[in-house]
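# A structural walkthrough
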Amino acid sequence: SKGTYDTFMLKEIDEQPAVMRKISSHYFDGKKINVDQKMLEDVASADRLYIVAAGTSYHAALVGKDIFENLADVPVDVELASEFGYHMPKLSKKPFFIFLSQSGETADSRQVLVKVNELGYHSLTMTNVANSTLSREATYTMELLAGPEIAVASTKAYTANIAVEAVLAKAVGEFKGVKAAQELDLQEQLALAANAIQTIVDEKGKFKEIADDYLTGKKDAFYIGRGIDYALSLEAALKLKEISYIHSEGFAAGELKHGTISLIEKDTPVFAYINDGVGAAHTRGNIQEVVARGAHVLVISNKKYAEKGDQVVVPEIDEMISPIVSVVPAQLIAYYASLARGNNVDQPRNLAKSVTVE
Ligand code: F6R
C-alpha cells in the first residue's frame, strides 16, 4: 500500500536508504559475503561478462561495467536485450551472462536467455522477483531485495541493482585476489550511500523548486556528464521523459559539441553531473560552452568536486557506485515535473510495468 504517500513513486524513492541497509545486512555476514560459491567460481573463470538488460536495468548495467572491470578485473560488454538477441556479436571463448531485470519477466531479455541456454552457457539473473521467469531459467539468481516496486518508473530497483552488482563484483574480485576488491569496504560504502540518500530525500522542497524553475513550460531538457556521470545521465533523462513527457536526452558532455549543441537555445535546461574525477574539469568546460549559448544550467556535484555556485551538492561515496546517490536528485526532479503537469506519476501513458512482448 501507499501508506501516507499519494504516489508509489515517492514512497519508493524514500525507501532507498532502507534498501541499501537491507542489501548490506543480507549479503554480508561480518566480512564474509553470502553468495553461491559455484556461481563465484563460474563468474571468476569467465574471460568476459555480458550484461544484458533493457531500460533502467540497462542503465544499471552500464554502471556495472565499471564496477566489474575494476573490482573483478574482467572485461565487460553491456548489451541491450532487444538488440543482442537478434544481432549477437562474436562471443569470447568463456562468456558468462548476467541478466538484470527488476520484474524478471521482460520478453526482450528472456529471448536472449533462451538462446544463451541453447548455447549451453551459464548465467545469472539479478532480479527483484525471486521466482520470476528469468530467475527460474538462469543458472543462478541474486535478489535485489528492494521490495515490490509498483510505480512504472523504476527507482529503488536501479539503486539496488548497482549495489548488488557491487556485492558480486567484490566477491568475485576477492575470490580472484584482486586488490581493488580487497580494499573496498563495501559495507561502509552502502552505509554512506544510505545516509547520503537520506539527506537528499529530506530536502524534497528544494527539488520541487528546481523542477518549477527549470522545467515549467519547457519542451526539451538535457542531462550531461562524463564517465560514470554519462551512464547516470542516461538514466536521469529516461526518468524525466517517461513521467513528465518532456523530451530529454542524456549526453556524454564532450560529445555535445559534435552536433547536439545546435539544440541549445536561450533557457534550454541543462543538468550537468560532476562526480567523475577524471571528467570533472572537462565537464566544467562543456558547461561554459552551453552557458555561452544561453542554456539554463544546474550543476549536480558531490562534495569532492563541488565548486562555488553549484546548486545541488550531494555527499561523496566511492565513485564507481556514486550513481546510487546522485540519481536521487534526478528522480525527485522528474517526480515534481510530472506532478506539476498533472500527469499520472505512477502510471505514465503508453507504458506498462513489465514489458512481455518483444
Ligand atoms: C524505466 C522502466 C523500464 C524498465 C524496463 C526493464 O523506469 O521502468 O525502462 O526498466 O522495461 O524492465 P525490467 O527491469 O523489469 O526487465
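All values derive from a computational prediction rather than experimental measurement. (Residues numbered from 1 in each chain as written. Predicted model: local features only at pLDDT ≥ 70, side-chain atom pairs only at ≥ 80, totals over all residues. Heavy atoms only, no water.)

### Quick notes on the environment of Ser 101
- Residue position: Ser 101 is located in strand 5 (residues 95–101).
- Every residue in contact with Ser 101, bar those within four places of it in the chain, is listed here: Ser 57, Thr 106, Met 126, Thr 127, Asn 128 and Leu 134. (Helix = DSSP H or I, 4+ residues; strand = E, 2+ residues; numbered from the N terminus. Contact = heavy atoms within 4.5 Å.)

### Points about the sheet that holds strand 10 (residues 269–274)
- With parallel pairing, 5 strands are arranged side by side in an open sheet as 9-8-10-11-12. Whereas interior strands pair on both sides, the edge strands pair on one side only; in this sheet they are strand 9 (247–252) and strand 12 (312–314). Strand-to-strand twist across the sheet, computed as the mean angle between neighbouring axes with direction ignored, equals 15 degrees.
- The pairing of strand 11 (residues 296–302) with strand 12 spans 3 bridges and is parallel. Following the sheet pairing, Asn 302 is matched in strand 12 by Val 314.
- Sheet strands in contact with helix 14 (residues 323–340) are strand 8 (220–225), strand 10, strand 11 and strand 12, and its direction is about 165 degrees off that of strand 10. (Pairing = 2+ DSSP bridges. Axes fitted to C-alpha atoms, helices over the stretch in contact; angles between N-to-C directions.)

### Concerning helix 4 (residues 55–71)
- In a regular helix each residue adds 1.5 Å, so 17 residues correspond to 24 Å; helix 4 covers 25 Å between its end C-alpha atoms and thus fits that length.
- A bend of about 30 degrees at Val 63 is the largest found in helix 4.
- Among all positions of helix 4, only Thr 56, Ser 57, Tyr 58, His 59, Ala 60, Ala 61, Val 63, Gly 64, Ile 67, Phe 68 and Leu 71 are buried. (Expected span 1.5 Å × (residues − 1). Bend = angle between axes of the 7 residues up to and from the residue. Buried < 20%, exposed > 50% of the residue type's maximum accessible area, 1.4 Å probe, protein only.)

### Observations regarding the site of the ligand
- Taken together, 13 residues lie around the ligand, and Ser 57, Ser 101, Ser 103, Thr 106 and Glu 242 are the ones closest in.
- Measuring from an oxygen atom of the ligand, one finds a backbone N or O atom of Gln 102 at 2.7 Å.
- Residue Thr 106 places a side-chain N or O atom 2.5 Å away from an oxygen atom belonging to the ligand.
- Protein chains bury 90% of the 410 Å² of accessible surface belonging to the ligand in isolation.
- Breaking the shell around the ligand down by element, the ones donating at least two residues are helix 4 and helix 12 (228–244).
- Here the element with the most residues in the shell around the ligand is helix 4; it accounts for 3 residues.
- Along the lines of polarity and charge, the residues of the shell around the ligand split into 3 nonpolar, 8 polar and 2 charged. (Near = heavy atom within 4 Å. Polar contact = N/O pair within 3.5 Å; in protein donor to acceptor, adjacent residues only side chain to side chain. Areas by Shrake-Rupley, 256 points an atom, 1.4 Å probe, with all protein chains shown as cover. Nonpolar A, V, L, I, M, F, W, Y, C, P; charged D, E, K, R; others polar.)

### Points about the sheet that holds strand 3 (residues 48–53)
- Pairing in this open sheet of 5 strands is parallel, and the strands run 4-3-5-6-7 from one edge to the other. In this open sheet, the two edge strands, each paired with only one partner strand, are strand 4 (76–80) and strand 7 (140–143). The sheet shows a mean angle of 20 degrees between the axes of neighbouring strands, direction not considered.
- In terms of strand pairing, strand 5 meets strand 6 (residues 123–127) through 5 bridges, oriented parallel. Paired with Phe 97 across the two strands is Ser 123, which belongs to strand 6.
- Packing against the sheet, helix 6 (residues 107–119) makes contact with strand 3, strand 5 and strand 6, and its axis sits at approximately 155 degrees to strand 5.
- Its contacts with the sheet put helix 8 (residues 156–176) on strand 3, strand 5, strand 6 and strand 7, and the angle it makes with strand 6 is roughly 145 degrees.

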